[in-house]
Amino acid sequence: MSLERLRPLALACLWIVSAAALPSLASASDNPALDAAIYDLEIKWENIKFDVRESDKQGELMDALGADADAMAAQYPDRVEAMIWDGILTSERASMTSGFAALRLAKAARSVLEKAYALDPAALDAGAPTSLGVLYYRVPGWPIGFGDTDKARQLLEQATKLAPEGLDAWYFYGDFLYSESQYPEATAALQHALAIPVHPDRPLWDKSRRLVIQELLTKIQQRS
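Below is a short write-up of the structure. (Residues numbered from 1 in each chain as written. Predicted model: local features only at pLDDT ≥ 70, side-chain atom pairs only at ≥ 80, totals over all residues. Heavy atoms only, no water.)

Examining the overall build of the chain
Helix and strand content of the chain: nine helices and zero strands. When the helices and strands of the chain are listed from N to C terminus, the series reads α-α-α-α-α-α-α-α-α. Looking at the 224 residues of the chain, the share that counts as buried comes to 52%. With an accessible surface of roughly 10100 Å², the chain has 52% of that area assigned to carbon and sulfur atoms. (Helix = DSSP H or I, 4+ residues; strand = E, 2+ residues; numbered from the N terminus. Buried < 20%, exposed > 50% of the residue type's maximum accessible area, 1.4 Å probe, protein only. Areas by Shrake-Rupley, 256 points an atom, 1.4 Å probe, with all protein chains shown as cover.)

Observations regarding the packing of aromatic side chains
Under the definition given, this model contains seven aromatic pairs. Ring centres 6.3 Å apart and planes at 70° place the aromatic pair W170 and Y173 in the edge-to-face group. With W170 and Y173 both in helix 7 (residues 167-179), this residue pair falls three residues apart, about one helical turn. The same class applies to W170 as to Y173, namely buried. Pairing Y178 with Y183 gives two aromatic rings, centres 5.7 Å apart and planes at 50°, and the pair type is tilted. A residue is classified by how much of its surface remains accessible, and Y178, at 16% relative accessible area, is buried. (Phe/Tyr/Trp six-rings, centres within 6.5 Å; stacked < 30°, edge-to-face > 60°.)

Quick notes on helix 8 (residues 183-195)
Compared with an ideal rise of 1.5 Å per residue, which puts 13 residues at 18 Å, helix 8 spans 18 Å between its outermost C-alpha atoms and is within 8% of the ideal. Here helix 8 has its buried residues at A186, A189, L190 and A193. For helix 8, the buried positions fall inside an angular range of 95° around the axis, keeping them on one side. Opposite the packed face of helix 8, turned more than 90 degrees from it, sit the exposed residues P184 and A195. (Expected span 1.5 Å × (residues − 1). Arc of directions from axis to C-beta.)

Some thoughts on helix 5 (residues 123-138)
Helix length check: helix 5 (16 residues) gives 22 Å between terminal C-alpha atoms against 22 Å at 1.5 Å per residue, within 8%. Maximal helix bending in helix 5 amounts to about 30°, located at T130. Burial runs high along helix 5: 15 of the 16 residues are buried. (Bend = angle between axes of the 7 residues up to and from the residue.)

Quick look at the side chain of S95
With respect to the helices and strands, the residue S95 is situated in helix 3 (residues 80-95). The exposure class of S95 is buried, given its relative accessible area of 16%. A polar side-chain atom of S95 sits 2.6 Å from the main-chain carbonyl oxygen of E92. (Polar contact = N/O pair within 3.5 Å; in protein donor to acceptor, adjacent residues only side chain to side chain.)

Re the pattern of salt bridges
On inspection of all chains with the given rule, the structure shows 11 salt bridges. D30 is the salt-bridge partner of R79, the closest N and O atoms lying 3.1 Å from each other. Residue R79 is found in the loop between helix 2 (55-75) and helix 3, and its partner D30 is found in the segment before helix 1 (32-51); the two are separated by 49 residues along the sequence. Salt-bridge contacts for D63 lead to R93; the nearest nitrogen and oxygen are separated by 3.1 Å. Note that D63 is positioned in helix 2 and R93 in helix 3, a separation of 30 residues in sequence. When its relative accessible area of 38% is taken as the criterion, D63 is described as partly exposed. (Salt bridge = Lys/Arg side-chain N within 4 Å of Asp/Glu carboxyl O.)

Structure follows, in structure tokens:
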């Protein structure tokens, strides 16, 4: 069994991550220590994601960063921000493996992101519904996995409403529409993403995400 369709978030992503696009520290939470820990994860994630080329090394580094995210979530068990990034890193780790290990990590990511979603679906530029939506359209459906395009559509549409300037929310919504062969709708979503102001605190992630969006728009034009 292969889960190659379970590509990275950010994320980001993510965050991505990604999967999810996160706010700048100017709009941080009421906990400076948590904000610093999250920002540290963000920067390390994007460096691993976009600068490390060797797949084995990338996987090792992402596993280590995932352990840091697990520890942060344990330290701040009631904070939705910690839950979201723990889910993003767990999803990222799932995308870098295969078989039952990937599915196990994907299910773990879904579980923590569902908790975050229940607490605050708008947190971190709709990080929870964005990341959950990505899981639902990239994980295979029954009988292999829990993928569900109807749930993915609902979550990603909600994410774009909650985060009208969320770069990842709009990118992943456009990517989902592309995967469903809805090319005009995907083009509109991706063009909206490119019109969002550049994120000043995370230039590597912002530039890399916009390059992916441009590449996807080119694919759509070639299919038209």
